[in-house]
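If you want the building blocks of each chain, they are given just below.
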Amino acid sequence: SDDSSAADADADLPEGVERRPFGGRERLSTRGAQVYGEPVDSDGWRAWDAGRSKLGAMLELGMDTGLVGGESVLYLGAASGTTVSHVADFAGPTYAVEFAPRPVRDLLGVAEDRDNLFPLLKDARDPESYAHVVESGIDCLVMDVATRGQATVAVRNRQFLADDGRLLMAVKARSEDVTAEPDDVFDDVLAELDSAYELLETARLDRFHADHLGIVARPK
Ligand code: SAM
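Note that the structure is a prediction, hence the values are computed from the model and not measured.

**Quick look at the packing of aromatic side chains**
Applying the stated criterion across every chain, the model contains three aromatic pairs. Ring geometry for Tyr130 and Phe160: centres 5.6 Å apart, planes at 20°, overall stacked. Pair noted here: Tyr130 is in the loop between strand E6 (117-121) and strand E7 (138-143) and Phe160 is in the loop between helix H5 (150-156) and strand E8 (161-172), with a separation of 30 residues, a long-range link. Each member of the pair Tyr130 and Phe160 is classed as buried.

**Digging into the environment of Asp194**
Inspection of the secondary structure puts Asp194 in the loop between helix H7 (182-193) and strand E9 (197-204). Its relative accessible area of 44% is what places Asp194 among the partly exposed residues. Put simply, Asp194 and Lys172 are 22 residues apart on the chain and 18 Å apart in space, counted from C-alpha to C-alpha.

**Focus: the pattern of salt bridges**
The full count for this structure, using the stated rule, is 15 salt bridges. Here Asp194 ties to Lys220 by a salt bridge, and the two come within 3.0 Å at their closest N and O atoms. Taken together, the positions of Asp194 in the loop between H7 and E9 and Lys220 in the segment after strand E10 (212-219) put the pair 26 residues apart, joining distant regions of the chain. Residue class for Lys220 comes out exposed when judged on its relative accessible area of 53%. Arg204 is paired through a salt bridge with Asp206; the nearest N and O atoms lie 2.8 Å apart.

**Some points on the sheet that holds strand E2 (residues 25-31)**
Reading across the sheet, the three strands line up as E1-E2-E3 and stay open at both edges, with antiparallel pairing between neighbours. On the outer flanks of this sheet lie strand E1 (18-22) and strand E3 (45-47), each paired with one strand and no other. Strand-to-strand twist in this sheet, taken as the mean axis angle between neighbours without regard to direction, amounts to 55°. The pairing of E1 with E2 spans five bridges and is antiparallel. Looking across to E2, one finds that Pro21 is bridged to Glu26.

**Some remarks on empty space enclosed by the protein**
Tallied over the full model, the rule gives two cavities of 30 Å³ or more. Space inside the largest cavity adds up to approximately 60 Å³. In terms of lining residues, the largest cavity is bounded by Ser53, Lys54, Leu55, Met58, Tyr75, Thr83, Val142, Met143, Asp144, Leu168, Met169 and Ala170. Those elements giving two or more residues to the lining of the largest cavity turn out to be helix H2 (54-60), E7 and E8. Residues of the lining of the largest cavity, tallied by class, amount to eight nonpolar, two polar and two charged.

**Some points on the site of the ligand**
As a structural note, the neighbourhood of the ligand is formed by 19 residues, with Tyr75, Gly77, Thr83, Glu98 and Ala124 the closest of them. Contact distances for the ligand include 3.3 Å between a nitrogen atom and a backbone N or O atom of Phe99. Interatomic distance of 3.2 Å between a backbone N/O atom of Val145 and an oxygen atom of the ligand. Here the ligand has 600 Å² of accessible area as a free molecule, and 86% of this is covered by the chains.

**Things to note about the sheet that holds E10**
Taking strand neighbours across the sheet as the criterion, the seven strands line up as E6-E5-E4-E7-E8-E10-E9 in an open arrangement whose pairing is mixed. At either margin of the open sheet sits one strand with a lone partner, and together these are E6 and E9. Averaged over neighbouring strand pairs, the angle between their axes works out to 15° when direction is ignored. Bridge count for strand E4 (residues 73-76) against strand E5 (residues 94-98) is four bridges, and the pairing is parallel. Opposite Tyr75, over in E5, you have Ala96 as the bridge partner.

Scoring rules and cut-offs
Residues numbered from 1 in each chain as written. Predicted model: local features only at pLDDT ≥ 70, side-chain atom pairs only at ≥ 80, totals over all residues. Heavy atoms only, no water. Phe/Tyr/Trp six-rings, centres within 6.5 Å; stacked < 30°, edge-to-face > 60°. Helix = DSSP H or I, 4+ residues; strand = E, 2+ residues; numbered from the N terminus. Buried < 20%, exposed > 50% of the residue type's maximum accessible area, 1.4 Å probe, protein only. Salt bridge = Lys/Arg side-chain N within 4 Å of Asp/Glu carboxyl O. Pairing = 2+ DSSP bridges. Axes fitted to C-alpha atoms, helices over the stretch in contact; angles between N-to-C directions. 1 Å grid on protein atoms, 1.4 Å probe; cavity = no way out; pocket = protein on both sides within 12 Å on 5 of 7 lines; lining within 4 Å. Points joined across faces, edges and corners; volume = space filled by probe spheres on them. Nonpolar A, V, L, I, M, F, W, Y, C, P; charged D, E, K, R; others polar. Near = heavy atom within 4 Å. Polar contact = N/O pair within 3.5 Å; in protein donor to acceptor, adjacent residues only side chain to side chain. Areas by Shrake-Rupley, 256 points an atom, 1.4 Å probe, with all protein chains shown as cover.

Rendered as structure tokens:
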């Protein structure tokens, strides 16, 4: 029935992520300090806008992320912290890498309200530059870098992941090649990931993010 599928969908959400009513509509939410003007309810839950978050879209679309809540996370491409703020609300230690100084200033403000969020002004193509800070055996590598070479970044950062960890990755087709067919770009990315990861699930995120592919994989 519809009821049981709704319950099943919720069962896939990590602890600390709930569907709650905002403005008469059920939305994903986490509990924490407000960050980007998102609605916050009287219990302190704040709506997680899947239209502004690829990981939010992956959860909204029911992808099996393997997230249960409380895990350690390495997040690449944190920008000013829209998504990683929600991640830090339900995860354990959350290392947030971003190489553009301006958004990192905002990210530092987001981290002030979250003891488990560690912003790193670093280039994700150069993991050795933060290897001394980030613990090894990370449970979950989240990637949203939206630049050319997204698969290469995923492969280079494989070293941080626990053997039973997960890669949760959003690929933006146009970042690789503005003229190519998105499906061709995604095929190339998946082929390159194959050297380091076993693919578990993919889904187009177009309902929320045009020409993006969501990927769930585990290290080989
Ligand atoms: N994940 C963010 C969110 O949901 O709130 C949005 C991220 S935005 C699509 C992509 C970000 O990746 C940009 O802020 C960009 O500066 C950053 N980025 C791109 N290449 C990077 C690299 N090599 N190292 C670190 N950050 C990078």
